[in-house]
Amino acid sequence: MECGIECLKGCKKFAVLGGTFDPIHYGHIMAGKAVMDNTDVEKVLFLPSGDPPHKQGKNITKGAMRGKMTCLALEGYDDFVYSSMEIERTGRTYTIDTVKELKEKIGKDSEFYFVTGADAILLIETWKNYKELLGLCNFIAVTRPGYDNKSFKGFVSKLKKEYGCAIETIEIPEVDISSSEIRQKVEDGINISGLVPEKVEEYIIENGLYK
Ligand code: ATP
Ligand code: MG
């Protein structure tokens, strides 16, 4: 893993995988790997959100801790990059602002895709300035267990027709894991090994998260 968006300079194409990552799990890592394997991107940037607007009112782990877990999870993956740019931003974080900041900081010579899972793309019309956002960068939407592939693809076609945007869909190997499920398991005292990398599991235990 490399650290900081400066590492992306010189990449012709990269992908951005944003998320709350509370905690990061093997589903996120699989999405990153599948994007590396199925597209011509050179790197995948993992971007934990700061203060996610759609999770207002919920009890979210501090950004620094979610960031730390993300770094621990990405150890050993050469094509993955970590950045704390959203965590460090004060106030609510919106993807549109992040996309604009990335464009400004990385420059015109590189192109990027914003990656979401099926559940997230289905909600895209609730995101801040989504019409502008859909025009600003290309998207990749990956399949997710629990979301019917056919209706997900149908929805993406509808979006493309309606907004003239570019969204590629990728069918990825099913990893039926969610952060919510992990938090619930920890609260219930159920072992989470196999759902998150070992170092992330240790961090959760050592810091008493999700209890
Ligand atoms: P929570 O249950 O707290 O919502 P989550 O598991 O959905 O957590 P997020 O951080 O919300 O994780 O997701 C970040 C991004 O990763 C989203 O675009 C989501 O669709 C995608 N994603 C998460 N888990 C998977 C998975 N198992 N397979 C494919 N995509 C996933
Ligand atoms: Mg989610």
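Notes on the structure in this doc start here. (Residues numbered from 1 in each chain as written. Chains lettered and ligands numbered in written order. Predicted model: local features only at pLDDT ≥ 70, side-chain atom pairs only at ≥ 80, totals over all residues. Heavy atoms only, no water.)

Attention now goes to the layout of surface pockets. As a volume, the second largest pocket reaches approximately 210 Å³. Lining the second largest pocket are Asp22, Asn59, Ile60, Thr61, Ser180, Arg183, Gln184, Glu187, Tyr210 and Lys211. Among the residues forming the lining of the second largest pocket, the class breakdown is 2 nonpolar, 4 polar and 4 charged. (1 Å grid on protein atoms, 1.4 Å probe; cavity = no way out; pocket = protein on both sides within 12 Å on 5 of 7 lines; lining within 4 Å. Points joined across faces, edges and corners; volume = space filled by probe spheres on them. Nonpolar A, V, L, I, M, F, W, Y, C, P; charged D, E, K, R; others polar.)

Now for the site of ligand 1. Taken together, 22 residues surround ligand 1, and among them His25, Asp119, Val175, Ser179 and Ser180 come closest. One nitrogen or oxygen atom from the main chain of Thr20 is found 3.0 Å from an oxygen atom belonging to ligand 1. Between a nitrogen atom of ligand 1 and a main-chain N or O atom of Ile177, the distance comes to 3.1 Å. Within the residue set of the shell around ligand 1, elements represented by two or more residues are strand S2 (13-19), helix H1 (26-38), strand S5 (111-117), helix H5 (118-121) and helix H8 (179-187). Of the residues that constitute the shell around ligand 1, the class distribution is 6 nonpolar, 12 polar and 4 charged. (Near = heavy atom within 4 Å. Polar contact = N/O pair within 3.5 Å; in protein donor to acceptor, adjacent residues only side chain to side chain. Helix = DSSP H or I, 4+ residues; strand = E, 2+ residues; numbered from the N terminus.)

A few words now on the pattern of salt bridges. Within the structure shown, the criterion is met by 11 salt bridges. A salt bridge links Glu75 to Lys199, with the nearest nitrogen and oxygen atoms 2.7 Å apart. Residue Glu75 is located in the loop between helix H2 (63-74) and strand S4 (80-82), and its partner Lys199 is located in helix H9 (residues 198-206); the two are separated by 124 residues in the primary sequence. Given the relative accessible area of 41%, Glu75 is considered partly exposed. Of the residues examined, Lys199 reaches a relative accessible area of 42% and is grouped as partly exposed. Of the charged contacts, one joins Glu125 and Lys158 as a salt bridge, the two residues approaching to 3.9 Å between their closest N and O atoms. Placement of the pair is Glu125 in the loop between H5 and helix H6 (130-136) and Lys158 in helix H7 (residues 149-163), with a sequence separation of 33 residues. With a relative accessible area of 27%, Glu125 lands in the partly exposed category. (Salt bridge = Lys/Arg side-chain N within 4 Å of Asp/Glu carboxyl O. Buried < 20%, exposed > 50% of the residue type's maximum accessible area, 1.4 Å probe, protein only.)

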